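Examination of the molecular architecture
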Amino acid sequence: MTRSTHRPRRTAGVAALGLVAALALVACSSDDGDDGATDGGTGGGGGTIRIGIKFDQPGLGFKDGDEYTGFDVDVARYVADKLGYSEDQIEFVESPSAQRETMLQNGQVDMIFATYSITDTRKEVISFAGPYFVAGQDLLVAVDDTSIGGPEDLDGKNLCSVTGSTSAQRIKDEYATGTNLLEQPGYSECVTALTAGTVDAVTTDDIILAGLAAIPANEGKVKVVGNPFSEENYGVGLPKDSDKCQAVTDAINAMLEDGSWQKALDDNVSASGYEPNADLNPPTPAACE
Amino acid sequence: MDDFTSLFSEFDVLGAFWTNIQLTFFAAIFALVVGTVLAVMRISPVPSLRWAGSTYVTLIRNTPLTVIIVFCVLGLWGQLGITLSSDFQRNFFWLSVLGLTVYHAAFVCEALRSGVNTVPVGQAEAARAIGLDFAASARLIILPQAFRGAVAPLGNVLIALTKNSTVAAAGSVAETSGLLRTMIENRPDLILAIFFIFAFGFVLIVVPIGLATTSLSRRLAVAR
């Protein structure tokens, strides 16, 4: 008797488990599916546009509560507006560096504004519009440090950068082989080490460093050296052979012409006294291929 | 295929795996020593030792490994200036070994305690009855049998340690998970090949450990 009462219960349990698994699958797939976001139209209309940004780079792409701030975010809003999407039709999605290409390929985002350097290997899998800014690798040092004027002064000094970034390796390979390298998961850890005096410099693109220097906690403690030694063309990441490329390029040109580009830069990163490389900025967006 | 082989010439994949193996090797030895001491403390008749041992295990076992490694680098070295090697990069290696040791010692201790539970109480009573004190009965009677009963759980700890050695990337050690990020950053066009290399690499390292500990635990098991 006990057997017969047990058996149906077990079957019910298995069925319930299967149902839960099926629901979980459905939930997952609808998460990265295209509920109106990727309908391709440039006309806006009812749909929303998903824009990938960084959430953890103050001054560039930063999530502060439910507010999104930064230069990349302002450029993204301007471009989205020109494409016909109003403010409340934009959905910002976090796009960490390692996931950017995948997110575009899978259609999880429609475009990416996230300090995204245009490179040939990336162009093999995605398309770029822009550049909308030309950054250069630079150094962040303590505000009273006069001994470091460029990467060649780093021999024997401690340098911090983010794990997996090419910038620190470039310094070791090309400028100062005697540099001690500390790799941290994020730039905020590097700035902490810098203000604690454990490292002498932090390296990455100048505009990222300027954003870090401009946040209140670091103001007056650190400065950007202002001697950029590379050329990073920040582009708008788009799915391969996207039909939006020309519209985005036109929007960037309009932003450069009507003064909004300069205003966005001033609002977000100039508080620390940072001046972008004037030879290369404002940039001229390349033609869409 | 050319792309695939170019990954190996472009990046030091084998060197990164070798770093993980070294991290695992040193941390495993140190964790076994510290964990054994902790296990003896936890079964000892001295209440304060038992208390200290269980406090350590409770505290460390419930702290994320990343927090421990980051503390070793940013706290011990960054704030307190403790260095374990005069070589800048080697210092991070040893700090990470320290973090891995501290963390896994707690798990070694618990694995050994599970081994102690396989030893019949009569063995301990008989040891005391023939006049051995606690230290001698632990060393001669209980621990040798406990180790033989704990081979399989210790193997699991070793497997976890092997994979956890990738957390050392947070401590500025150039090992596989850091290289993985570098490779994805530079070669996004080969992302699947890159993941395959690392997944396969760890399978190659971990599967033999599993096979070895399984066969050892069978061979060494005390027939009761």
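Calculation criteria
Residues numbered from 1 in each chain as written. Chains lettered and ligands numbered in written order. Predicted model: local features only at pLDDT ≥ 70, side-chain atom pairs only at ≥ 80, totals over all residues. Heavy atoms only, no water. Helix = DSSP H or I, 4+ residues; strand = E, 2+ residues; numbered from the N terminus. Buried < 20%, exposed > 50% of the residue type's maximum accessible area, 1.4 Å probe, protein only. Areas by Shrake-Rupley, 256 points an atom, 1.4 Å probe, with all protein chains shown as cover. Lys, Arg positive; Asp, Glu negative; His and termini not counted. Charge placed at Lys NZ, Arg CZ, Asp CG, Glu CD. Pairing = 2+ DSSP bridges. Core = buried A, V, L, I, M, F, W, Y, C linked by side-chain atoms within 4.5 Å. Contact = heavy atoms within 4.5 Å. Axes fitted to C-alpha atoms, helices over the stretch in contact; angles between N-to-C directions. Left-handed = near helix turned anticlockwise from the far one by under 90°. Nonpolar A, V, L, I, M, F, W, Y, C, P; charged D, E, K, R; others polar. Phe/Tyr/Trp six-rings, centres within 6.5 Å; stacked < 30°, edge-to-face > 60°. Arc of directions from axis to C-beta. Disulfide = S-S within 2.5 Å. Buried area = accessible area lost by both parts, 1.4 Å probe. Salt bridge = Lys/Arg side-chain N within 4 Å of Asp/Glu carboxyl O. Polar contact = N/O pair within 3.5 Å; in protein donor to acceptor, adjacent residues only side chain to side chain.

1. A closer look at the overall build of chain B
- Assigned secondary structure in chain B consists of 10 helices and 0 strands.
- When the helices and strands of chain B are placed in sequence order, the string is α-α-α-α-α-α-α-α-α-α.
- By principal-axis analysis of the C-alpha atoms, chain B measures approximately 70 × 45 × 25 Å.
- Relative to its full complement of 224 residues, chain B shows a buried share of 47%.
- Carbon together with sulfur atoms contributes 68% to the accessible area of chain B, which is approximately 11100 Å² in total.
- Within chain B, one finds 14 positive and 11 negative side-chain charges whose respective centroids are separated by 21 Å.

2. Considering the sheet that holds strand β3 (residues 61-64) of chain A
Residues and elements named next belong to chain A.
- If you trace the 3 strands from one edge of the open sheet to the other, you get β2-β3-β4, paired in antiparallel fashion. Lying at the two open borders of the sheet, with one neighbouring strand each, are β2 (56-57) and β4 (67-69).
- Relative to β3, β2 runs antiparallel, the two sharing 2 bridges. When the bridges of β3 are listed, D56 appears paired with F62.

3. Quick look at the nonpolar core
- Counting 77 residues, the largest nonpolar core has I51, F71, M111, F133 and I207 of chain A as the members making the most contacts within it.
- When near neighbours in sequence (up to four residues on either side) are disregarded, M111 of chain A contacts I49, R50, I51, G52, V79, L83, L104, V236, G237, L238, K244 and V248 of chain A.
- Core analysis: the second largest hydrophobic core is formed by 16 residues, L180, I184, F198 and F202 of chain B among them.

4. Considering the packing of helix α2 (residues 71-82) of chain A against helix α8 (residues 245-257) of chain A
All names here are of chain A.
- The geometry of α2 relative to α8 is characterised by a closest axis approach of 9 Å and an angle of 115° between their N-to-C directions. Crossing angle aside, the handedness with which α2 passes α8 is right-handed. Of α8, the residues touching α2 (which contributes D74, V75, Y78, V79 and K82) are V248, A251, I252, A254 and M255.
- Across the contact of α2 with α8, the residue classes tally to 8 nonpolar, no polar and 2 charged.

5. Some points on the packing of aromatic side chains
Residue and element names in this part refer to chain A.
- Enumeration over the complete set of coordinates arrives at 22 aromatic pairs over all chains.
- Residues F71 and F133 carry aromatic rings whose centres are separated by 5.6 Å and whose planes lie at 70° to one another, so their mutual orientation is edge-to-face. Of this pair, F71 sits in helix α2 while F133 sits in strand β7 (residues 126-135); the two residues are 62 residues apart in sequence, bridging distant segments of the chain. F133 carries the same exposure label as F71, and that label is buried.
- Cluster of aromatic residues (ring-pair linked, three or more members): F71, F113, Y132, F133, Y234 and W261.

6. What about helix α5 (residues 167-174) of chain A?
All names here are of chain A.
- When α5 is considered as a whole, its buried residues turn out to be S167, A168 and I171. End-on view of α5: buried residues confined to an arc of 110°, all on one side of the axis. Of the residues in α5, the exposed ones pointing more than 90 degrees away from the buried face are D173 and E174.
- Packed against the buried residues of α5 are β8 (137-142), β9 (158-162), β10 (180-184), α6 (187-196) and β11 (201-205).

7. Some remarks on the state of the cysteines
All names here are of chain A.
- Applying the stated criterion across every chain, the model contains 2 disulfides over all chains.
- The residue that forms a disulfide with C245 is C288, at a sulfur-sulfur distance of 1.9 Å. Here C245 and C288 share a disulfide; its torsion about the S-S bond, -85°, makes the bridge left-handed. Placement of C245 in helix α8 and of C288 in the segment after α9 (260-269) is noted, with a sequence separation of 43 residues between them.
- A relative accessible area of 10% means that C245 is categorised as buried.

8. Looking at the interface of chain A and chain B
- Contacts between the two partners involve 22 residues from chain A and, on the opposite side, 21 residues from chain B.
- Interface of chain A and chain B: buried area, both sides summed, is about 1900 Å²; carbon and sulfur atoms make up 58% of it.
- Taken together, the links from chain A to chain B amount to 0 salt bridges.
- The interface formed by chain A and chain B contains 4 residue pairs in polar contact (both at pLDDT 80 or more).
- Residue assignment for the side of chain A that touches chain B shows that the elements contributing at least two residues are α3 (100-105), α4 (120-123), β10 and α6 of chain A.
- Per-element accounting of the side of chain A that touches chain B gives the leading share, 5 residues, to β10 of chain A.
- Split by residue class, the side of chain A that touches chain B holds 6 nonpolar, 10 polar and 6 charged.

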